[in-house]
Amino acid sequence: MSLSLHPLSDADRANGWTPAHQQAWRQRVTPFIEQGILTPPVIQVVDLLGRRSGETRPDVLLAAALAVRAPGQGHIYAALPDPGIDTSSERLPTPEDPGEAALLPWPADRVQWRRAVATSPLVQLDAAKTPSRPFVLSDRRLYPHRMWQDECTLALHLHDRSLERLPPSNAQLLQQGLARLFPEPSPGRPVDRQLLAAALACLRGFTVISGGPGTGKTWTVRNLLTLLFAQHLASGAEHPFRVAVGAPTGKAAARVQESLTSDLDTFVDQRGCHALPEGVASERLLHFFEALEARTVHRLLRVDPRRLGRFQHGPDHPIPADVVIIDETSMLDLVLMTRLVEAVPPTARLILLGDHHQLASVDAGCVLADLCRAARFDNPHLSPQARHDLQAYAGLNVGDDLGASQSPGLQDCGVQLLTSRRFTADSGVGAVARSILAGNGPAGRQLLQSAQHADVAWLPIGPDGTPTRALAELILDGYGPMVRRLLKGSEGDERSFHRALLTQLDEFRLLCAHRRGRLGVSGLVELAEGLLRRAIRGFRPRGLTYLGRPILITSNDYSVGRYNGDVGMIVEREGRPVAVFPSGATDVEYLSTARLPAHETVYAMTIHKSQGSEFRHAAVVLPSRSSPILTRELVYTGVTRAKSRLTVAGSPTVWDEANQRRVARASGLAERLRSTD
């Protein structure tokens, strides 16, 4: 393969470039392009930087190309190894076959390679006072400058917030509310993690609450908001209590709002009202929750239409809120999280919710996992200061349940919820999820294959990766009733009928690791449409606006109010096809098919896209062969989308290999957070 580079200009020659330099650079990177490690666009970017800076050394430009490539692979930086290439620990982008790496022309002297990079006019050192350059070298980590800047900025902001103490306006009222909203602590038993999370969040400016599905994150947050609302009233503040609730996708935002407002009248009348100051009517709490509107993070930050990729809210124009709550934080990448934290007012509380065992963000970084690692969620500790505040203001004595740290820091701001309220002790879905987290993939597979649990099942696939009759029956059972109901038509209120169809659509979903292939999204969508067409008279899945087509929005469109992750359906209204989407807990919204943003058919979706969603019955379909994208985190995320029933279709070998493979992202955030404590 011949790499095309722009001819040298007079300015390039003045900067020291010659045809010999250009030829050496071309020869250096061509093998990496042929192996699929680097791409021509990446090389063109680095080639331009090299010409402008006068950097002609091929090894240095190769390192720069690896750093430019890193964010596209989910990494914050590229690692420059000292003794040799170790793909598992250094995370250098090498071919799948380790034997191929040895055939590539990596620099022979790794120490000299790093030294050359450190002296390049393209590179500044981590703590250097030199003007900004395109890359930053920190030890053996070569960052694109923007990623380094965001990592440092985020670490500094989170460290500062982790030290913020916010004593309550009325400690007695706080203790009264905690006693009313949470189960009474049992003598001799460990402190309730939900109670601890709420108490810490009432006393600190920054809190991370992590937990698997059904561990009560949003249940805890509703109680927490009730406590903070009561404290706001007790403070005598004249302005209304302002809460901003966000999530990475529209679907996740809708789900968190539904959780916060579910059975609201009962909550307020039976529990919430007892946490309010004396004489305050319970209707005020009810109206507060009814006014909450969960939005996507992009909507919270308000995209600036005049500046691509920029937001209207930031350090100089923060989000107008007293509390900012973000759900599904694992889906936020480093850049977006940095913009969010910068936009939170210094006086506001920031509360992050998520499951750090799930997949990391699609874009670069693994912020929630880094946060939980830095906060030592695997071995929780509290400082003497945090223990004092819990005892003095919340009346909570954690005793020896948690370890002791010497000084305040991030470890005082995080709580891992452990007890699942959704998955009971006899739940097969819960047992499979626990096996995955424990790293015991074969045990989880045996649970699926056995008849021990009625809520989980295993379906084999064909020897060559073809769908089986059992998978076809599963698809028909999952989507057939909804299609038949649609074709039968409404016998009453049209909006209620369409809302019922959308609810039924979310009862079942096929979840895939890959987008393409017979067992990927495209293949299974085609299979589902063909099966339903042959099985149900009158169903004609042709074109883009056929009646009953389920759709997934794949990009944000603020002009029509539809966002990435929104799920809807094509229905008929007044004789014309329109798209219908859920609105609130019970209503719907209609949109002309001509105004739909980018979208796709959603009988099947990738596991990545399913984050933030839950389905009564989730069917995880694995590819016929193992691949790098199949990891323990991906499988865990797919399995935990199931609320009541789980089916896994695949081969035992692929399942077992996927559960052995971990997501490994190059990020320095956890280390920076630890170094600031």
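Residues numbered from 1 in each chain as written. Predicted model: local features only at pLDDT ≥ 70, side-chain atom pairs only at ≥ 80, totals over all residues. Heavy atoms only, no water.

S.K.: Looking at this structure, how should I read the overall build of the protein chain?
M.R.: Helix and strand counts for the protein chain come out as 27 helices and 22 strands. In terms of C-alpha radius of gyration, the protein chain reaches 27 Å, essentially the compact-globule figure of 26 Å for 677 residues. Here the C-alpha coordinates of the protein chain stretch approximately 80 × 70 × 50 Å along the principal axes. A burial count over the protein chain gives 55% of its 677 residues as buried. For the protein chain, restricting intrachain contacts to residue pairs at least 6 apart in sequence, the fraction spanning at least 24 positions comes to 74%. A total of about 29200 Å² of accessible surface is found on the protein chain, and carbon and sulfur atoms cover 48% of it. Charge separation in the protein chain, taken as the distance between the mean sites of 76 positive and 70 negative side-chain charges, equals 3 Å. (Helix = DSSP H or I, 4+ residues; strand = E, 2+ residues; numbered from the N terminus. Rg over C-alpha atoms; globule rule 2.2 N^0.38 Å. Buried < 20%, exposed > 50% of the residue type's maximum accessible area, 1.4 Å probe, protein only. Contact = heavy atoms within 4.5 Å. Areas by Shrake-Rupley, 256 points an atom, 1.4 Å probe, with all protein chains shown as cover. Lys, Arg positive; Asp, Glu negative; His and termini not counted. Charge placed at Lys NZ, Arg CZ, Asp CG, Glu CD.)

S.K.: Sorry if this is basic, but what is going on with the pattern of salt bridges here?
M.R.: Pairing between side chains of opposite charge can happen when the charged atoms of each approach one another. Under the counting rule described, the total for this entry stands at 25 salt bridges. Between Asp587 and Arg495 there is a salt bridge, with the nearest N and O atoms lying 3.1 Å from each other. Within this pair, whereas Asp587 is found in strand 18 (residues 587-592), its partner Arg495 is found in helix 22 (residues 494-505), the two being separated by 92 residues in sequence. Members of the salt-bridge network, linked through shared partners, are Arg146, Asp150, Arg339 and Glu342. (Salt bridge = Lys/Arg side-chain N within 4 Å of Asp/Glu carboxyl O.)

S.K.: Just to check I follow, could you spell out the sheet that holds strand 19 (residues 599-601) for this structure?
M.R.: In a beta sheet, neighbouring strands are held together by backbone hydrogen bonds and run either parallel or antiparallel to one another. Spatially, 18-17-16-15-19 is the arrangement adopted by the 5 strands of the open sheet, whose pairing is antiparallel. This sheet does not close on itself; its edge strands, each paired only once, are strand 18 and strand 19. Strand-to-strand, the axes of this sheet are offset by a mean angle of 40°, without reference to chain direction. The sheet contact formed by strand 16 (residues 567-573) and strand 17 (residues 576-583) spans 5 bridges and is antiparallel. Directly across from Glu572, in strand 17, lies its bridge partner Pro577. Helix 22 contacts strand 15 (550-553), strand 16, strand 17 and strand 18 of the sheet and is inclined by roughly 145° relative to strand 16. (Pairing = 2+ DSSP bridges. Axes fitted to C-alpha atoms, helices over the stretch in contact; angles between N-to-C directions.)

S.K.: Help me understand the pairing of strand 14 (residues 508-512), please; the structure alone is not making it clear to me.
M.R.: The side chains of a regular strand alternate between the sheet's two faces. Strand 14 sits mainly inside the fold: 5 of its 5 residues count as buried. Side chains of strand 14 alternate between two faces, with Phe508, Leu510 and Cys512 and Arg509 and Leu511 buried alike. Two elements, strand 14 and strand 21 (residues 615-621), share 5 bridges in a ladder whose sense is parallel. Its bridge partner lying in strand 21, Arg509 is registered against Ala618. Here 3 bridges tie strand 14 to strand 20 (residues 604-606), and the two strands are oriented parallel to one another. In the sheet register, Leu511 faces strand 20, and the bridge partner there is Met605.

S.K.: Quick question: what am I supposed to make of the packing of helix 2 (residues 19-34) against helix 4 (residues 58-69) here?
M.R.: A pair of packed helices can be characterised by two numbers: the angle between their axes and the separation between those axes. Running from N to C, helix 2 and helix 4 point in directions that differ by 40°, and their axes come no closer than 9 Å. When the axis of helix 2 is compared with that of helix 4, the two are oblique. The way helix 2 lies across helix 4 gives a crossing that is right-handed. Counted together, Ala24, Trp25, Arg28 and Phe32 of helix 2 and Pro58, Asp59, Leu61 and Leu62 of helix 4 form the full contact between these two elements. Residues belonging to the contact of helix 2 with helix 4 are distributed by class as follows: 6 nonpolar, no polar and 2 charged. (Parallel < 35°, antiparallel > 145°, perpendicular 65-115°, else oblique. Left-handed = near helix turned anticlockwise from the far one by under 90°. Nonpolar A, V, L, I, M, F, W, Y, C, P; charged D, E, K, R; others polar.)

S.K.: Before we go on, may I ask you to explain the sheet that holds strand 1 (residues 78-79) in this structure?
M.R.: Ordered in space as 1-4-3-2, the 4 strands form an open sheet in which the pairing is mixed. Each edge of the open sheet is held by one strand with a lone partner, namely strand 1 and strand 2 (123-125). Its contacts with the sheet put helix 4 on strand 1, strand 3 (135-138) and strand 4 (141-144), and the angle it makes with strand 4 is roughly 60°.

S.K.: Whenever I open this one, the packing of helix 19 (residues 428-437) against helix 25 (residues 632-639) confuses me. Can you help?
M.R.: Packing of helix 19 against helix 25 leaves a shortest axis separation of 10 Å and a crossing angle of 165°. On the basis of their axis angle, the class for helix 19 and helix 25 is roughly antiparallel. Crossing angle aside, the handedness with which helix 19 passes helix 25 is left-handed. Residues Val429, Val432, Ala433, Ile436 and Leu437 of helix 19 form the contact with helix 25, whose own contacting residues are Arg632, Val635, Tyr636 and Val639. Split into classes, the residues belonging to the contact of helix 19 with helix 25 amount to 8 nonpolar, no polar and 1 charged.

S.K.: Looking at this model, I keep getting lost on the packing of aromatic side chains. Mind explaining?
M.R.: For any two aromatic rings, the description comes down to two numbers: the centre-to-centre distance and the angle of the planes. This model, assessed by the stated rule, comprises 11 aromatic pairs. Counting every residue linked through ring pairs, the aromatic cluster contains Phe229, Phe241, Phe267, Phe288 and Phe289. Above the ring of Phe267, the side-chain terminus of Arg222 is found at 4.4 Å from the ring centroid. The ring of Phe581 has Arg562 lying over it, and the distance from NZ or CZ to the ring centre is 4.2 Å. (Phe/Tyr/Trp six-rings, centres within 6.5 Å; stacked < 30°, edge-to-face > 60°. Lys NZ or Arg CZ within 6 Å of the ring centre and 35° of its normal.)

S.K.: Help me out: how do you make sense of a negative patch on the surface in this one?
M.R.: A grouping of Asp263, Asp265, Asp269, Glu283 and Glu290 is seen on the molecular surface, where their side chains present a negatively charged patch. When contributions to the negative patch are tallied by element, the ones reaching two or more residues are helix 13 (264-270) and helix 14 (282-291). Position of Asp265 relative to the elements: it lies in helix 13. For Asp265, a relative accessible area of 45% translates into the label partly exposed. (Patch = residues over 30% accessible without salt bridge, like charges linked within 9 Å, V, L, I, M, F, W, Y side chains within 5 Å.)

Fair warning: the whole summary comes from geometry, so function is off the table for now.
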